[in-house]
Amino acid sequence: MHQPPPYPNYYQPAPRRKQRVFDAGRFTRGDLLTVIAYILFFILGGASLIGLIPGYMQAFATAEQALFGINLILYVTFFILAMIQCGPQFFESFKTMRYHPVAKWLMLPGGWFLTIMSTGLISALLGQLQTSENQQALEGMSHAVPLPVMLVVTALFGPFVEEYFFRHLLIGKLSRKLNVWVCAAISVVLFMSIHFVGAGVGNWTEVVPYVMLGIMMSVAYILSGKSMAYSYMLHVINNTVALLMVYLVYPLLPSQGI
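So, a few notes on the structure that sits alongside this text. (Residues numbered from 1 in each chain as written. Predicted model: local features only at pLDDT ≥ 70, side-chain atom pairs only at ≥ 80, totals over all residues. Heavy atoms only, no water.)

**Topic: the overall build of the protein**
For step 1, the next point in the chain: Within the protein, the secondary structure is distributed over 8 helices and 0 strands.
For step 2, the next point in the chain: Scanning the protein from its N terminus toward the C terminus, one meets helices and strands in the order α-α-α-α-α-α-α-α.
For step 3, the next point in the chain: When the accessible surface of the protein is totalled, it reaches about 14700 Å², and 69% of it is carbon and sulfur. (Helix = DSSP H or I, 4+ residues; strand = E, 2+ residues; numbered from the N terminus. Areas by Shrake-Rupley, 256 points an atom, 1.4 Å probe, with all protein chains shown as cover.)

Structure, rendered in C-alpha cells:
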C-alpha cells in the first residue's frame, strides 16, 4: 500500500551558525611604523611639539581649545593611519552581527551598563571613586569645545584608534603568538596605563573605570570572533554616553553651582 509522504516538521529548530572568527592578519611594517608614531606622540610627549609651532597657541582663545586642537590633529592623523592598516578587516568584521544578532545587539547597551555597574560596585567596596586628570581635562574642554565637534573626535575617531592598537593589534595579531587571554590581559593593562600618561595616577581608584572598560571591550572582542567592529561599537557607546553626561547632565547638578 502506498504511504503518503510525511509532513515536514515545521517546529524543528534551525541549526545554529557557528561564530565566525575574523582574521586580523599578520603584523605588518605599516603596523610597526604606526605603533612607533603612536609611542612618540602619545607616550613620549611628541604631541607637545605641535604647540611650539609659531602662532599656534595665539590662534586659540583658551588653553583648552589649543589642547583640543592638538588632540584633533593627532586623532585625525592616527584615524587615517589606522584605517589604512586595518580598514578591510574592520569593515569585514561587521559581519559578526550575522551570528547570534539578538544577543549581540542587546549586549551593546548591556555591556556598557554592566561596565558602569561593576565600576560603581567595586568603587563602593574599595573606596570613593576619584575623578582622573583625564576626566577633569574632558570636563574643562566642555566649556570651550562644542558637543558635536567633541563627539566626532572623542566618540568616533578616538575609539577607532584605540581599538586598532589595543584590540586589533594587541589581541587579534599578537594572539597568533600568545594565548588570546594573555593578550587580553596585556591589552587591559596597557589600555588603562595610556589614559594616565603625563598626568599620572593621583588615587589608585581612578584606574577602576579604565580597567573595567578594558576588560569589557577585550572580552567583547574575543567572544564576537575577534571583531574589531563590535568592540568599536561598544567603545563608541561608552564615550558617547560619557560626553552626553559631561555636556548635558553635569551642568544641571547642584555641585556645578546651578
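Continuing now.
**Things to note about the environment of Gly110**
For step 1, the next point in the chain: Looking at the secondary structure, you find Gly110 in helix 3 (residues 101-126).
For step 2, the next point in the chain: With 124 residues separating them along the chain, Gly110 and Leu234 place their C-alpha atoms 9.5 Å apart.

**Some points on the nonpolar core**
For step 1, the next point in the chain: In this structure, Tyr38, Phe78, Met150 and Phe165 are the most contacted members of the largest nonpolar core, which totals 56 residues.
For step 2, the next point in the chain: Where this core is concerned, the elements lending two or more residues are helix 1 (29-43), helix 2 (63-92), helix 4 (133-141), helix 5 (147-173), helix 6 (180-194), helix 7 (208-223) and helix 8 (228-249).
For step 3, the next point in the chain: Counting residues per element, this core draws most heavily on helix 5, which supplies 13 residues. (Core = buried A, V, L, I, M, F, W, Y, C linked by side-chain atoms within 4.5 Å. Buried < 20%, exposed > 50% of the residue type's maximum accessible area, 1.4 Å probe, protein only.)

**Some details on the layout of surface pockets**
For step 1, the next point in the chain: Quantified by volume, the second largest pocket comes out at close to 220 Å³.
For step 2, the next point in the chain: Looking at the second largest pocket, it is lined by 13 residues, and the ones nearest its centre are Val35, Tyr38, Phe166, Leu170 and Leu190.
For step 3, the next point in the chain: For the lining of the second largest pocket, the secondary structure elements donating two or more residues are helix 1, helix 5 and helix 6.
For step 4, the next point in the chain: Here the residues of the lining of the second largest pocket are counted per class, giving 12 nonpolar, 1 polar and no charged. (1 Å grid on protein atoms, 1.4 Å probe; cavity = no way out; pocket = protein on both sides within 12 Å on 5 of 7 lines; lining within 4 Å. Points joined across faces, edges and corners; volume = space filled by probe spheres on them. Nonpolar A, V, L, I, M, F, W, Y, C, P; charged D, E, K, R; others polar.)

**Quick notes on empty space enclosed by the protein**
For step 1, the next point in the chain: Within the structure shown, the criterion is met by 1 cavity of 30 Å³ or more.
For step 2, the next point in the chain: Taken as a whole, the largest cavity encloses approximately 40 Å³ of empty space.
For step 3, the next point in the chain: Taken together, Phe22, Asp23, Ala24, Gln89, Phe90, Ser93, His168, Tyr221, Lys226 and Met228 make up the lining of the largest cavity.
For step 4, the next point in the chain: Each residue belonging to the lining of the largest cavity can be placed in one class, and the counts come to 5 nonpolar, 3 polar and 2 charged.

**Observations regarding the packing of aromatic side chains**
For step 1, the next point in the chain: The full count for this structure, using the stated rule, is 18 aromatic pairs.
For step 2, the next point in the chain: Ring geometry for Phe90 versus Phe94: centroids 5.1 Å apart, planes at 75°, classification edge-to-face.
For step 3, the next point in the chain: Accessibility expressed as a relative area gives 4% for Phe90, which makes it buried.
For step 4, the next point in the chain: Phe94 sits in the partly exposed class, given a relative accessible area of 33%. (Phe/Tyr/Trp six-rings, centres within 6.5 Å; stacked < 30°, edge-to-face > 60°.)

**A few points about unusual backbone geometry**
Among all residues save glycine, negative phi is the norm, and among peptide bonds the norm is trans.
For step 1, the next point in the chain: Its identity is not glycine, yet His100 carries a phi of approximately 55°, on the positive side.
For step 2, the next point in the chain: As for its placement among the helices and strands, His100 is situated in the loop between helix 2 and helix 3.
For step 3, the next point in the chain: A residue is classified by how much of its surface remains accessible, and His100, at 30% relative accessible area, is partly exposed.
For step 4, the next point in the chain: In this structure, Lys226 is a non-glycine residue whose phi angle is positive, near 60°.
For step 5, the next point in the chain: Here Lys226 lies in the loop between helix 7 and helix 8.
For step 6, the next point in the chain: Its relative accessible area of 21% is what places Lys226 among the partly exposed residues.

**Examining a nonpolar patch on the surface**
For step 1, the next point in the chain: There is a patch of nonpolar side chains on the surface, built from Phe27, Leu32, Leu33, Ile36, Ile39, Leu40, Phe41, Ile43 and Leu44 and spanning about 810 Å² of accessible area.
For step 2, the next point in the chain: Position of Leu33 among the secondary structure elements: in helix 1. (Patch = residues over 30% accessible without salt bridge, like charges linked within 9 Å, V, L, I, M, F, W, Y side chains within 5 Å. Salt bridge = Lys/Arg side-chain N within 4 Å of Asp/Glu carboxyl O.)

**A word on the packing of helix 5 against helix 8**
For step 1, the next point in the chain: Their axes nearest at 9 Å, the elements helix 5 and helix 8 cross at an angle of 145°. Two packed elements cross with a definite hand, and for helix 5 against helix 8 that hand is right-handed.
For step 2, the next point in the chain: The class makeup of the residues in the contact of helix 5 with helix 8 is 14 nonpolar, 6 polar and 3 charged. (Axes fitted to C-alpha atoms, helices over the stretch in contact; angles between N-to-C directions. Left-handed = near helix turned anticlockwise from the far one by under 90°.)

**Topic: the pattern of salt bridges**
For step 1, the next point in the chain: Per the stated rule, a full pass over the model turns up 5 salt bridges.
For step 2, the next point in the chain: The partner of Glu92 in a salt bridge is Arg20, with the nearest N and O atoms 2.9 Å apart. Linking Glu92 in helix 2 with Arg20 in the segment before helix 1, this pair joins segments that are 72 residues apart in sequence.
For step 3, the next point in the chain: Judged by its relative accessible area of 29%, Arg20 falls in the partly exposed class.
For step 4, the next point in the chain: In this structure, Glu92 engages Lys95 in a salt bridge whose closest nitrogen and oxygen atoms are separated by 3.2 Å.
For step 5, the next point in the chain: On the basis of relative accessibility, which here comes to 27%, the residue Glu92 falls in the partly exposed class.
For step 6, the next point in the chain: Look at Lys95 and you get partly exposed, because its relative accessible area is 29%.
For step 7, the next point in the chain: What emerges from the salt-bridge pattern is a single network uniting Arg20, Glu92 and Lys95.

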